[in-house]
Amino acid sequence: MASSASRLLLLAALLASAAVLATAQKAKAKAAPSPAAAADGALPTNVTAVLEKSGKYTTFLRLLHESRVDTQINSQLMDSYNGLTMFAPTDAAFADLKAGTLNSLSSQDQIQLMLYCVLPRFYSLSMLTKLGGPVNTQASGADGPYKYKIKPSNNNVNISTGVNWALLSTVVSKDFPLAVYSVDKVPLPYELFGPKPPTPAPAPAPAPSKSKTKKPKKSTGIAEPPAADDSTADDTTTKSAAADGAGVARWLAAAGVLGSCILSGLF
């Protein structure tokens, strides 16, 4: 009996230990960072928290939130191995825009403007100075428009949109997975703010077609009778009848004279 009780106690202890171990493993799995964060040894970054620290990006934060681009960025930071880079315009940069610039954009255009401020991978400042050629943005898709030309400037970087230049003035965040650089101007993508192609002139109206004059038929040598005219025919008939009546009257008069001569003995 003692031996059986000991085995039961040992079994219960083993089961209890297994349950504790399973609970600990579940808690550890919940607390584990994303693959990108685990690789870098840091917790995922929240873009709103990064920009709110200085208080200079209230307009940019509002536009990120209204377009829901902030939610998209935070989701990408949780799952991306490449990280992201952001060019954050200050409130002063937005204040320098021409009045009505943002209001002239549709909702989809505002989303494109916000995505244009984000590069699809992490770039340190030294990496940016070594880039050459057009650089894609989140608005570019896999390989589309909405790109930057990046030009080193001493120890800093200028970015060109094709419409304006902006200087990376301050490093806001330099830790993977999110690099944030403050820019002194709002980057205006060429696709939204570049000169529009001229409206094509309307096509000229087609020239009126020339009517072809029918050529008279060549004579075959046989004269065709003229077309009868009803009024002419009636007049002719009337005249003919009148002439016939006058002839009869003259004949009767001549016959009367001849008869008178015979009766008087002239013949």
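Our structure is the block above this text.
Nothing here was measured: the structure is a model prediction, and the numbers come from that model.

*Asks:* Whenever I open this one, the packing of helix 4 (residues 58-67) against helix 5 (residues 69-79) confuses me. Can you help?
*Replies:* Each pair of packed helices gets described by two things: the angle between the helix axes and the distance between those axes. Relative to each other, helix 4 and helix 5 sit at 85 degrees, their axes nearing to 5 Å. Considering the angle they form, helix 4 stands roughly perpendicular to helix 5. Contacts between helix 4 and helix 5 pair Leu64, His65 and Ser67 from the former with Val69, Asp70 and Ile73 from the latter. Of the residues belonging to the contact of helix 4 with helix 5, the class tally is 3 nonpolar, 2 polar and 1 charged.

*Asks:* Help me understand the environment of Tyr116, please; the structure alone is not making it clear to me.
*Replies:* With respect to the element layout, Tyr116 can be found in helix 7 (residues 107-116). Each C-alpha atom of the pair Tyr116 and Ala139 lies 5.1 Å from the other, and the pair is 23 residues apart in sequence. Apart from the residues lying within four places of it in its own chain, the contact partners of Tyr116 are Thr137, Ala139, Tyr146, Lys147, Tyr148, Thr161, Pro187, Leu188 and Pro189.

*Asks:* What should I look at first to understand the sheet that holds strand 6 (residues 165-173) in this one?
*Replies:* The pairing of strands in a sheet comes from backbone hydrogen bonds and takes either a parallel or an antiparallel form. The strand order across the open sheet formed by 7 strands is 2-1-7-6-5-4-3, and the pairing between neighbours is mixed. Of all the strands in the sheet, the pair left with one neighbour each is strand 2 (118-119) and strand 3 (134-135). Bridging between strand 5 (residues 156-160) and strand 6 involves 3 bridges; their strand directions are antiparallel. Within the sheet, the bridge partner assigned to Ser160 lies in strand 6 and is Trp165. Here helix 5 sits on the sheet and contacts strand 1 (84-89), strand 2 and strand 7 (178-183); the angle it forms with strand 1, its principal contact strand, is near 150 degrees.

*Asks:* Would you mind going over the packing of aromatic side chains with me for this structure?
*Replies:* Each aromatic ring pair is described using two quantities: the centre-to-centre distance and the angle formed by the ring planes. Overall, the coordinates contain 4 aromatic pairs when judged by the stated rule. Both rings, one in Phe87 and one in Tyr148, keep their centres 5.3 Å apart while their planes meet at 75 degrees; by these two values the pair is edge-to-face. Placement of Phe87 in strand 1 and of Tyr148 in strand 4 (residues 148-153) is noted, with a sequence separation of 61 residues between them. Taken individually, Phe87 and Tyr148 each receive the classification buried, so the pair is uniform in this respect. Linked through ring pairs, Phe87, Tyr116, Tyr146 and Tyr148 together constitute an aromatic cluster. Over the ring of Tyr123 we find Arg121, and its NZ or CZ is 5.1 Å from the ring centre.

What counts as what
Residues numbered from 1 in each chain as written. Predicted model: local features only at pLDDT ≥ 70, side-chain atom pairs only at ≥ 80, totals over all residues. Heavy atoms only, no water. Axes fitted to C-alpha atoms, helices over the stretch in contact; angles between N-to-C directions. Helix = DSSP H or I, 4+ residues; strand = E, 2+ residues; numbered from the N terminus. Parallel < 35°, antiparallel > 145°, perpendicular 65-115°, else oblique. Contact = heavy atoms within 4.5 Å. Nonpolar A, V, L, I, M, F, W, Y, C, P; charged D, E, K, R; others polar. Pairing = 2+ DSSP bridges. Phe/Tyr/Trp six-rings, centres within 6.5 Å; stacked < 30°, edge-to-face > 60°. Buried < 20%, exposed > 50% of the residue type's maximum accessible area, 1.4 Å probe, protein only. Lys NZ or Arg CZ within 6 Å of the ring centre and 35° of its normal.

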